[in-house]
Amino acid sequence: MSQSIVVVGSVNADLRVTVERHPRPGETLLGGDGTVTPGGKGANQALAAARAGGNVTMIGAVGHDPNAAAALDLLRGSGADLSGIAEVDGPTGVAVVMVAASGENEIVYIPGANATVGADAVASHAELLGQAAVVLCQGETPADGIARAQALAGGRLVLNPAPVIELPPEVITAADPLIVNEHEGALVARMLDPDADVAALEEDPGGCVGALRAAGCRSVVMTLGSAGALVAEGDDVTAIPAVRVDAVDTTGAGDAFAGALSARLAEGGTLLEACGYAARFAALTVTRTGAQASFPSAEEVAGLRG
Ligand code: ATP
C-alpha cells in the first residue's frame with residue numbers, strides 16, 4: 001500500500017466582496033474589497049494535506065474558463081498531482097461571498113464543473129483509488145461519486161460530509177474517521193437513525209459522538225472550534241484540546257484539520273496522533289486571514305508548541 005492520499009472533491013473560485021450592508025432586492029450598492037481566491041472544500045483539503053507533507057492526488061473538475069486558473073492558483077505548485085482534475089464544458093465552481101460590516105455572510109454557490117464528479121468520473125480513477133492509503137471526500141461533489149470512491153478505496157476512507165448531503169448509510173459508517181462539527185454530526189446522526197433528536201444532539205457533542213458510534217460509525221472525530229475535538233474509536237472517546245492562539249479568521253479551519261489529519265494517517269500515524277497534528281496545523285491557520293492562503297507549512301507546524 002502506498003502512502004498516497006487521493007482527494008475526491010470540489011474546486012472553486014471564491015469571489016469575496018465586502019459591503020456595508022447586504023443590498024435589498026433590485027438595489028445596486030458600492031462594495032469595498034473584491035478578491036478572487038482559490039477555494040472549494042476538496043481543493044482546500046488537498047492543499048492542506050500537501051502542505052502537511054502528504055503525497056496528494058486530486059480527483060475533481062474545473063470548467064473551460066478563466067476562473068479555473070484562479071481556482072487552482074495555490075494547488076498548482078503545492079506538489080499535489082492535479083492530473084485527476086478534468087477540464088469540462090461549462091463554468092468552474094464559483095462561490096460568491098458577500099461579507100457585510102456586521103460580519104454576516106451571504107453566499108451564492110454555483111457547483112459548475114463540480115457537479116460532473118459523479119460515479120462514472122470517479123470510477124475512471126479506480127486504480128488510483130485502489131492503491132491509496134487514504135481516500136478523502138467532502139460533501140460538495142455528487143453523492144454517487146462519493147459512494148463510488150468509498151467502494152473503490154483500497155485503504156482508509158476519511159469522510160468530512162460538509163455540507164451534509166444524503167449518503168448511503170454504509171458509506172458513512174465505513175468512514176475511518178467520519179469528521180464532523182457539532183451541527184454536521186447531529187444531521188448525520190439523524191440520517192443514520194431517523195429518531196435522533198437533532199436539536200438535543202447539537203447541544204451535546206459527547207452524546208452525539210456516542211450516537212454516531214452506536215449507529216455503526218467506525219471512528220468519529222468531532223471538531224469543536226476553539227474547544228478542540230473529540231475522537232471516538234474503539235471503546236474510547238478522547239478530547240484533543242485546541243492549541244491556544246490569537247485567532248483572527250477561522251475560515252478554512254475545518255478543511256485545514258481534515259487535510260492535515262489525512263496526511264498523518266497516510267504516513268501511518270494513529271488517529272490520535274493525526275488529530276494532535278491536525279489541531280496544531282489548524283491553529284496556525286486561524287492566526288491568518290483567508291482559507292488556502294492561511295495554511296502553514298510543515299516546518300511551521302513543527303515549530304509550534306502545544
Ligand atoms: P469551518 O467550516 O469554519 O472551516 P469547522 O466547523 O469545520 O469550521 P472547527 O471545529 O471550527 O471546524 O475547527 C476545526 C479545528 O480547528 C478545531 O478542532 C481546532 O483544532 C482548530 N481551531 C478552530 N478554531 C480555533 C481557534 N480559535 N483556536 C485554536 N484552534 C482552533
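Residues numbered from 1 in each chain as written. Predicted model: local features only at pLDDT ≥ 70, side-chain atom pairs only at ≥ 80, totals over all residues. Heavy atoms only, no water.

Student: Even after reading the chapter, I still don't get the environment of Leu-304, so can you show me in this structure?
Tutor: Along the chain, Leu-304 falls in the segment after helix H12 (298-302). Between the C-alpha atoms of Leu-304 and Leu-284, which are 20 residues apart in sequence, the distance is 8.3 Å. Setting aside anything within four residues of it in sequence, one finds Leu-304 in contact with Val-243, Arg-280 and Leu-284. (Helix = DSSP H or I, 4+ residues; strand = E, 2+ residues; numbered from the N terminus. Contact = heavy atoms within 4.5 Å.)

Student: I would appreciate a short explanation of the site of the ligand in the present structure.
Tutor: Within the structure, the ligand sits among 19 residues, and Asn-181, Thr-223, Gly-225, Gly-228 and Gly-254 are positioned closest to it. Contact distances for the ligand include 3.4 Å between an oxygen atom and a backbone N or O atom of Ala-253. In the model, an oxygen atom of the ligand is placed 2.9 Å from a nitrogen or oxygen of the Gly-254 main chain. When the ligand is considered free in solution it has 630 Å² of accessible area, and contact with the protein chains removes 82% of it. (Near = heavy atom within 4 Å. Polar contact = N/O pair within 3.5 Å; in protein donor to acceptor, adjacent residues only side chain to side chain. Areas by Shrake-Rupley, 256 points an atom, 1.4 Å probe, with all protein chains shown as cover.)

Student: Can you walk me through the sheet that holds strand E7 (residues 105-110) in this structure?
Tutor: Hydrogen bonding along the main chain pairs the strands of a sheet, whether they run parallel or antiparallel. Spatially, E3-E2-E6-E7 is the arrangement adopted by the four strands of the open sheet, whose pairing is mixed. Each edge of the open sheet is held by one strand with a lone partner, namely strand E3 (34-39) and E7. Neighbour-to-neighbour, the strand axes of the sheet open up by a mean angle of 20°, direction not taken into account. Two strands pair when backbone bridges link them, and strand E2 (residues 12-19) and E3 are joined in this way by six bridges, in the antiparallel orientation. Each residue of the ladder has a partner; that of Asn-12, found in E3, is Gly-39. (Pairing = 2+ DSSP bridges. Axes fitted to C-alpha atoms, helices over the stretch in contact; angles between N-to-C directions.)

Student: How should the nonpolar core be read in this particular structure?
Tutor: By size, the foremost hydrophobic cluster in this structure holds 49 residues, and its most contacted members are Leu-75, Val-221, Phe-257, Leu-261 and Phe-281. No other element matches the nine residues that helix H11 (residues 271-285) contributes to this core. In this view, Leu-75 contacts Ala-43, Ala-46, Leu-47, Met-58, Ala-80, Leu-82 and Gln-292; residues no more than four positions away in its chain are not counted. Ranked by size, the runner-up nonpolar core spans 39 residues in total, among them Val-135, Cys-137, Leu-178 and Val-209. (Core = buried A, V, L, I, M, F, W, Y, C linked by side-chain atoms within 4.5 Å. Buried < 20%, exposed > 50% of the residue type's maximum accessible area, 1.4 Å probe, protein only.)

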